[in-house]
Amino acid sequence: MELLEQSKVIGLLNAYGYYTCFAPTDDALTAFFQLHDITGIGDMEQEDVEKIVKDHIIVGTIITTDDFIEGRLPQLSMSNRYISTSFLSFQEGNPVIMVNKTSPILESNIEVHNGVIHVVGEVLKPTEKTLVEAIESDEKFTLFTEALFITGLDEQLTRTEDKSYNRSDYYY
């Protein structure tokens, strides 16, 4: 709750609309703080607190585990990043669902008035890399990376927003 209050997103969550929240446990946040040498939320910059919260919330829709797919969910998080889900082995007849390949869902489909909460065991860390950065950092793609730079296509792929893109043009 402290993270939500500090981020100033809590007012939005109390407002009209539908939300899907992947809420990290206190243990998950404590592990995140230790990993980043932070003693608590008070040591964080406001923008970092907001980013963490926004990485965990999808606005405008309720997504239950019945809607999960193997891969990224079609709706973006509040931080404009995709959240992916995957199904691992089964424990006691139930699938182990992972979020962004690193965080297990510990409890799911907690219904609230305006949405659903999925409790996750690790703070989500969506990638900040662009497509070019991801390809460039992988040793399997050195020749392809070189071709991207030689052709100048790296500049086109580095753009993060295309204002002329209309999503409905690509749905049939």
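### Regarding the overall build of the protein
No. 1: Along the backbone of the protein there are seven helices and seven strands.
No. 2: Ordered by position from the N terminus, the helices and strands of the protein form the series α-α-β-α-α-β-β-β-β-β-β-α-α-α.
No. 3: By the burial criterion, 34% of the 172 residues in the protein qualify as buried.
No. 4: Across the protein, the fraction of contacts at a sequence separation of at least 24, relative to all contacts at a separation of at least 6, is 52%.
No. 5: Taken as a whole, the protein presents about 11600 Å² of accessible surface, with 52% of it coming from carbon and sulfur.

### A look at helix H4 (residues 46-55)
No. 1: All buried positions along H4 are accounted for by Val-49, Ile-52, Val-53 and Asp-55. Buried residues in H4, looked at end-on, bunch into an arc of 165°, giving them a common side.

### Things to note about the confidence of the model for the protein
In regions of low pLDDT, the predicted coordinates are not meant to be interpreted in detail.
No. 1: Mean pLDDT for the protein: 84, with 82% of residues reaching 70 or above.
No. 2: Ranking the helices and strands of the protein by mean pLDDT puts strand E7 (residues 115-120) first, with 95, and helix H1 (residues 2-7) last, with 56.

Cut-offs used in this document
Residues numbered from 1 in each chain as written. Predicted model: local features only at pLDDT ≥ 70, side-chain atom pairs only at ≥ 80, totals over all residues. Heavy atoms only, no water. Helix = DSSP H or I, 4+ residues; strand = E, 2+ residues; numbered from the N terminus. Buried < 20%, exposed > 50% of the residue type's maximum accessible area, 1.4 Å probe, protein only. Contact = heavy atoms within 4.5 Å. Areas by Shrake-Rupley, 256 points an atom, 1.4 Å probe, with all protein chains shown as cover. Arc of directions from axis to C-beta. pLDDT = per-residue confidence, 0-100.

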